[in-house]
Amino acid sequence: MNKYIFVSGGVCSSLGKGVAASSLGALLEGRGLNVRMIKCDPYINVDAGTMSPYQHGEVYVTDDGGETDLDLGNYARFTSGPLTRANSITTGQVYESVIRKEREGRYLGRCVQVIPHITDEIKSRILAVSKADADTDVVIVEIGGTVGDIESIPFLEAARQLIHEMGRANALSVHLTLIPEVGEGELKTKPTQHSVKSMQEQGIQPDVLICRAPVPLDEATRRKIALFTNVANEAVFTSYNVDTTIYEVPLIFFNQKLDQVVLKRLGVESRHANLKPWYSMMERFQARSGTVRIGIVGKYMDLHDSYKSVFEALFHAGLESRVAVELVKIDSSRLEDAEDADTVLGANAVEGASKEDGVDGILVPGGFGQRGINGMVKAAAWARTHKIPYFGICLGMQIMVIDWARNILGWEDADSTEFNQDTKHPVVSLLEDQVDVKNYGGTMRLGKWDSVAEPDSRFFEAYKEKTVSERHRHRYEFANTFRDEMAGSGLRLTGFTADKSLVEAVEWPDHPWGVGVQFHPEFKSKPTAAAPLFRDFIAAVKKVKEHK
Ligand code: GLN
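First, a word on what this report is: a plain description of the structure on this page. (Residues numbered from 1 in each chain as written. Predicted model: local features only at pLDDT ≥ 70, side-chain atom pairs only at ≥ 80, totals over all residues. Heavy atoms only, no water.)

## Quick look at the site of the ligand
Residues in contact with the ligand, as listed here, are Gly-366, Gly-367, Phe-368, Cys-394, Leu-395, Gln-398, Glu-418, Arg-473, His-474, Arg-475, Tyr-476 and His-520. In this structure, a nitrogen atom belonging to the ligand sits 2.9 Å away from a main-chain N or O atom of Gly-367. Taking Arg-475, its main chain carries an N or O atom lying 3.0 Å from an oxygen atom of the ligand. The protein chains hide 98% of the 300 Å² of surface that the ligand would expose on its own. (Near = heavy atom within 4 Å. Polar contact = N/O pair within 3.5 Å; in protein donor to acceptor, adjacent residues only side chain to side chain. Areas by Shrake-Rupley, 256 points an atom, 1.4 Å probe, with all protein chains shown as cover.)

See below:
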């Protein structure tokens, strides 16, 4: 079975298209189907790797080292099909390969055009994902941008052609729109009508509408929308505002029978729906009591999306410990300027908090470049000496190493060569083969690597497995020349690559929970199963807080 669902959006951006597409994916998986998710991004960047986290949010890394759009993170949290770089299609990639073929003379002198050459390239990339695995039942293709944007036209045109070629029984269009509220609770359907008209101008008649609205749409409004848009009554759904969590969206759609309508349209016989993991996730959500406050000490604090997967993973971990996780976003430059870390992290640090309420745990996430580094080192030192649980991810682990070298070994100038090339104590440094790399796109240690956990470590305790596979995205490494002095002075080296050539994890001795890992466990965390290290970090935070 090879069915295709194209998810587009209209009226405005940020309607939650990614969550809607992923939730539909979750429901179809619940029906026992093998689902693959694809994101089409109209931007001209070849991948998200070179985009600023300030502007575009995090880069989501796949097992095969793809640096992809953060929407793939949504797919990973809601669905379980494999995601590789092929699941992220950008205008930049498409043009790059068409132009390469043109230079190689592969178009035999023909004039190379948007239609059919660009659209053919898009189509073949979409089809390649479904063909990569013989078991694929349904491919959900999310088209980035808003209908009417110049940039998304080739993608919509490719979708139109595929729907036409495969026939409506095998391919359908799901369109997401906004129903705004005007005045006193008056819901307006006109923008939706216009949005569907724009789709029709592109030659696509949406089969299913998902309307983003403050409240569930009543029957009369749905009927009106259906009448004006040529969409069946039963195929108009509402994605209304929820005050619980976005992870309830699959269940909200399920209650409206979205999956039944989609399966019927695609001619798939109805199967039993197993949504148990989602229901029990919501039970854990409802059972939460109390709050733990996690200070995230990083660089890209103004945009929530910059550390999207980290924040989501903390939320997932809170579900496992039945506790709400409050995020306190701390720009590390603030700590640099502060006289004393305590004024930022300790008592009275949080507005409105009582005197003894500082942060209960600290997480230093990944990052690049020098700004704010010393603030992060201060935060690590503070957590280490105050016995506050600390979780260092990638840069956050390197920060632990720098703190240890400076404050325990007394090497004041200890640093990563990313920040200081001339230090006498380059405790974090480049591997030989990276020294001359000048090209910034895709030149790091990227994608999945096996790490071996030392027995009797927090690392092993979390995974209960010796060898774990997690994803990397960094250029610098723990410097092996300092291994003996670091370990000799008590820093625990608790994870290594399989050949032992690289350090993958460090831990503080005599500390409730101080763990740094060179990889990014946040990319594999799910609401239905939190990443093990996040789970244990929050469990430790909760425990320490209870015994305060
Ligand atoms: N800047 C550091 C490096 O390149 C850490 C990268 C990261 O945290 N993702 O090694």
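## As for a nonpolar patch on the surface
Nonpolar side chains collect at one region of the surface, where Tyr-95, Ile-99, Val-114 and Ile-115 lie side by side and expose about 330 Å² of accessible area between them. You can see Ile-99 is positioned in helix H4 (residues 91-103). (Patch = residues over 30% accessible without salt bridge, like charges linked within 9 Å, V, L, I, M, F, W, Y side chains within 5 Å. Salt bridge = Lys/Arg side-chain N within 4 Å of Asp/Glu carboxyl O. Helix = DSSP H or I, 4+ residues; strand = E, 2+ residues; numbered from the N terminus.)

## Side note on the sheet that holds strand E1 (residues 3-9)
With respect to topology, seven strands assemble into an open sheet ordered E5-E2-E6-E1-E7-E10-E11, the strand pairing being parallel. Either end of the sheet is taken by a strand with one partner, and the two such strands are strand E5 (88-90) and strand E11 (236-240). Within the sheet, the average angular offset between the axes of one strand and its neighbour, ignoring direction, is 20 degrees. In the sheet, strand E7 (residues 171-178) pairs with strand E10 (residues 208-213) via five bridges, with the strands oriented parallel. Along E10, the bridge assignment pairs Thr-177 with Cys-211. Contacting E1, strand E2 (35-41), E5, strand E6 (138-143) and E7, helix H6 (residues 153-166) runs over the sheet at an angle of about 150 degrees to E1. (Pairing = 2+ DSSP bridges. Axes fitted to C-alpha atoms, helices over the stretch in contact; angles between N-to-C directions. Contact = heavy atoms within 4.5 Å.)

## Considerations on the sheet that holds strand E21 (residues 492-497)
With respect to topology, nine strands assemble into an open sheet ordered E13-E12-E14-E15-E23-E22-E21-E18-E19, the strand pairing being mixed. With partners counted over all chains shown, the strands left at the sheet margins are strand E13 (324-331) and strand E19 (467-474), one partner each. When the angles between neighbouring strand axes are averaged without regard to direction, this sheet yields 25 degrees. Judged from the three bridges that link them, strand E18 (residues 445-453) and E21 form a sheet pairing that is antiparallel. Opposite Ala-453, over in E21, you have Gly-495 as the bridge partner.

## Quick look at the environment of Ala-324
Within the secondary structure, Ala-324 is located in strand E13. Ala-324 sits 36 residues away from Arg-288 along the chain, and the two C-alpha atoms are 6.2 Å apart. When near neighbours in sequence (up to four residues on either side) are disregarded, Ala-324 contacts Arg-288, Gly-290, Thr-291 and Val-292.

## Digging into helix H16 (residues 395-408)
Between the first and last C-alpha of H16 there are 19 Å, a value that for 14 residues agrees with the 20 Å anticipated at 1.5 Å per step. Where burial is concerned, most of H16 is hidden: twelve out of the 14 residues are buried. Those residues of H16 lying buried are Leu-395, Gly-396, Met-397, Gln-398, Ile-399, Met-400, Val-401, Ile-402, Asp-403, Trp-404, Ala-405 and Arg-406. (Expected span 1.5 Å × (residues − 1). Buried < 20%, exposed > 50% of the residue type's maximum accessible area, 1.4 Å probe, protein only.)

## Side note on the pattern of salt bridges
Per the stated rule, a full pass over the model turns up 34 salt bridges. Asp-120 is the salt-bridge partner of Lys-123, the closest N and O atoms lying 3.9 Å from each other. In this pair, Lys-123 and Asp-120 are both assigned in helix H5 (residues 114-131), three residues apart and thus about one turn of the helix distant. You can call Lys-123 buried: its relative accessible area is 9%. In this structure, the salt-bridge partner of Lys-123 is Glu-165, at a minimum N-O distance of 2.8 Å. Pair noted here: Lys-123 is in helix H5 and Glu-165 is in helix H6, with a separation of 42 residues, a long-range link. Residue Glu-165 is classed as exposed on the basis of its relative accessible area, which comes to 52%. One salt-bridge network, held together by shared partners, links Lys-39, Asp-41, Asp-69 and Asp-71.

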